[in-house]
Amino acid sequence: MDEPVLLTGAAGRVGQAILDGIGDDYDWRLFDREPPTGDTDHEVVVGDVTDEDAVREAVAGAGAVIHLAGDPRPEAPWESVLRNNIDGAQTILDVAVEEDVEKFVFASSNHAVGHYEPERKPDLYREHDDFHLDGTELPRPGNLYGVSKAAGETLGRYYHDEHDLSFVAVRIGNLTVGHPPIDYERGQAMWLSQHDCAHLFDCCLSADYGYEIVFGISDNDRKYYSLERAREVLGYDPQDNSAEWDGDEKVV
Ligand SMILES: NC(=O)C1=CN([C@@H]2O[C@H](COP(=O)(O)OP(=O)(O)OC[C@H]3O[C@@H](n4cnc5c(N)ncnc54)[C@H](O)[C@@H]3O)[C@@H](O)[C@H]2O)C=CC1
Ligand SMILES: O=C1O[C@H](COP(=O)(O)O)[C@@H](O)[C@H](O)[C@H]1O
């Protein structure tokens, strides 16, 4: 991609994982309401994703947007997800279309489908269980944060259908850097390693697609999210698996 890639929420955990992995591979423009704490060689715009003027400055000339900025807390209150996640997503999608952005990558979440779990857990989190979600199922959010992520996916559907924007929602599992979550079966089922995270978002920038929903997890034996669509459409080829770890030690 010749044009800059706008990375919103760049100062956060997922943003850092992406920059650590593929920071040298694109011409990045970073956007966050928090100024970067360390030195960066990348262009930086500080602003709020609900501020249309700041968003326009950030989006102008970008070929693609990875939109991470938002409230990531599963327990976040409605006021916060309404503003930061739903209004923020609509603001930047609208500007992205006006500014002729080609691809829009949206950080959705496992919590958009969290209510498939209560009656199936804990078996669902174990290798022997064969229940899988594949991204074609209806959202069943497990909390208001999940509702905001389902709303972001639906906003993307609208901007794709109405304005032909290429849109992919990545339902990120549990990004944990260094090793999978310890003593947490749900987290091990949906672990996304730092390496696989950067690779997946790289795929989202390189592949051609119309509207997609994929799951953003590593190739964990315990997984109950299918990786087929991410493999087929994006060329995602995850290298990590929480089963290869015993606590914080890699044993395979
Ligand atoms: N970390 C994870 O395992 C998962 C993350 N996600 C999603 O990925 C995205 C990034 O998550 P993390 O990096 O973990 O969160 P984080 O809290 O570490 O980073 C979010 C960044 O967005 C910025 N931000 C928040 N609201 C903003 C606003 N209104 N305007 C401008 N900047 C704003 C914050 O300053 C922060 O730097 C979020 O949308 C989250 O919902 C989804 C599933 C799992
Ligand atoms: O969407 C998110 O999901 C992960 C995993 O959820 P959890 O409830 O099993 O911890 C969470 O860690 C992350 O903060 C959140 O943004």
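Residues numbered from 1 in each chain as written. Chains lettered and ligands numbered in written order. Predicted model: local features only at pLDDT ≥ 70, side-chain atom pairs only at ≥ 80, totals over all residues. Heavy atoms only, no water.

- As recorded by an unreviewed UniProt entry, the protein chain carries the name NAD-dependent glucose-6-phosphate dehydrogenase and is attributed to Halobacterium hubeiense.
- Note on the protein chain: under the UniProt heading Catalytic activity (unreviewed entry), the record states "D-glucose 6-phosphate + NAD(+) = 6-phospho-D-glucono-1,5-lactone + NADH + H(+)". (UniProt positions renumbered as here; feature names shortened; annotations may be inferred.)

Thoughts on the site of ligand 2
Working step 1: The full set of residues close to ligand 2 is Arg13, Pro72, Pro74, Ser109, Asn110, His111, Tyr145, Gly173, Asn174, Tyr184 and Arg186.
Working step 2: In this structure, an oxygen atom belonging to ligand 2 sits 2.6 Å away from a main-chain N or O atom of proline 72. (Near = heavy atom within 4 Å. Polar contact = N/O pair within 3.5 Å; in protein donor to acceptor, adjacent residues only side chain to side chain.)

Quick look at the pairing of strand E5 (residues 103-109)
Working step 1: Most of E5 sits inside the fold, with seven of its seven residues counted as buried.
Working step 2: The side-chain alternation of E5 yields two buried faces, one formed by Lys103, Val105, Ala107 and Ser109 and the other by Phe104, Phe106 and Ser108.
Working step 3: As judged from the four bridges shared by strand E4 (residues 64-67) and E5, these two strands associate in the parallel manner. Within the sheet, the bridge partner assigned to histidine 67 lies in E5 and is phenylalanine 106.
Working step 4: Where E5 and strand E6 (residues 166-172) come together, seven bridges link them in parallel fashion. The residue bridging phenylalanine 104 from the neighbouring strand is phenylalanine 167, located in E6.
Working step 5: Between the parallel elements E5 and E6, the chain passes through helix H4 (residues 144-163) in a crossover that is right-handed. (Buried < 20%, exposed > 50% of the residue type's maximum accessible area, 1.4 Å probe, protein only. Helix = DSSP H or I, 4+ residues; strand = E, 2+ residues; numbered from the N terminus. Pairing = 2+ DSSP bridges. Right-handed = clockwise from strand over helix to strand, strands pointing away.)

Topic: the sheet that holds strand E2 (residues 28-32)
Working step 1: In space, the seven strands of this open sheet follow the order E3-E2-E1-E4-E5-E6-E9, with parallel pairing throughout. If you trace the sheet from one side to the other, it starts and ends with strand E3 (43-46) and strand E9 (211-216), each paired once. Ignoring strand direction, the axes of neighbouring strands in this sheet form an average angle of 20°.
Working step 2: Pairing of E6 with E9 involves six bridges; the strand directions are parallel. Bridge pairing in E9 links valine 168 to glutamate 212.
Working step 3: Sitting on the sheet, helix H2 (residues 52-59) is in contact with strand E1 (5-8), E2 and E3, with an inclination near 165° to E2.
Working step 4: Contacting E1, E2, E4, E5, E6 and E9, helix H6 (residues 194-206) runs over the sheet at an angle of about 145° to E5. (Axes fitted to C-alpha atoms, helices over the stretch in contact; angles between N-to-C directions. Contact = heavy atoms within 4.5 Å.)

With respect to the packing of helix H1 (residues 13-22) against H6
Working step 1: Two elements in contact, H1 and H6, have axes whose closest approach is 8 Å; the angle formed by their N-to-C orientations is 80°. As the angle between them shows, H1 and H6 are arranged roughly perpendicular. Of the residues in H6, those touching H1 at Val14, Ala17, Ile18, Asp20, Gly21 and Ile22 are Gln194, Cys197, Ala198, Phe201 and Asp202. (Parallel < 35°, antiparallel > 145°, perpendicular 65-115°, else oblique.)

Considering the site of ligand 1
Working step 1: The environment of ligand 1 is formed by 25 residues, the closest being Arg13, Asp32, Leu68, Tyr145 and Lys149.
Working step 2: Aspartate 32 places a polar side-chain atom, nitrogen or oxygen, 2.6 Å from an oxygen atom of ligand 1.
Working step 3: Contact with the protein chains hides 90% of the accessible area of ligand 1, taken as 820 Å² for the molecule alone.
Working step 4: For the shell around ligand 1, the elements supplying multiple residues, two or more each, are H1, E5, H4 and strand E7 (174-175).
Working step 5: In terms of residue count, the dominant contributor to the shell around ligand 1 is E5 (three residues). (Areas by Shrake-Rupley, 256 points an atom, 1.4 Å probe, with all protein chains shown as cover.)

Focus: a nonpolar patch on the surface
Working step 1: A contiguous nonpolar patch, built from Trp78, Leu82, Leu144 and Val147 and spanning about 320 Å² of accessible area, is present on the exposed surface.
Working step 2: The set of elements that each furnish at least two residues to the nonpolar patch consists of helix H3 (78-98) and H4.
Working step 3: Structurally, the position occupied by leucine 144 is in helix H4. (Patch = residues over 30% accessible without salt bridge, like charges linked within 9 Å, V, L, I, M, F, W, Y side chains within 5 Å. Salt bridge = Lys/Arg side-chain N within 4 Å of Asp/Glu carboxyl O.)

Looking at the UniProt feature "domain: NAD-dependent epimerase/dehydratase" (unreviewed entry) in the protein chain
Working step 1: Taking the numbering used here, the UniProt-annotated feature "domain: NAD-dependent epimerase/dehydratase" (unreviewed entry) corresponds to residues 5-175.
Working step 2: Along residues 5-175, the helical share is 35% and the strand share 19%, with 22 Å between the first and last C-alpha atoms.

Observations regarding the UniProt feature "active site" (unreviewed entry) in the protein chain
Working step 1: UniProt tags Tyr145 as "active site" (unreviewed entry).
Working step 2: Inspection of the secondary structure puts tyrosine 145 in helix H4.
Working step 3: Every residue in contact with tyrosine 145, bar those within four places of it in the chain, is listed here: Asp71, Pro72, Arg73, Pro74, Val81, Asn85, Ser109 and His111.

Brief notes about the nonpolar core
Working step 1: Ranked by size, the top nonpolar core spans 47 residues in total, and within it Leu7, Ile18, Trp28, Ile66, Val105, Phe201 and Leu234 carry the most contacts.
Working step 2: A total of seven residues in this core trace back to one element, the largest contributor, which is H6.
Working step 3: Val49, Val95, Phe104 and Phe106 belong to the second-largest nonpolar core, a separate cluster that totals 27 residues. (Core = buried A, V, L, I, M, F, W, Y, C linked by side-chain atoms within 4.5 Å.)

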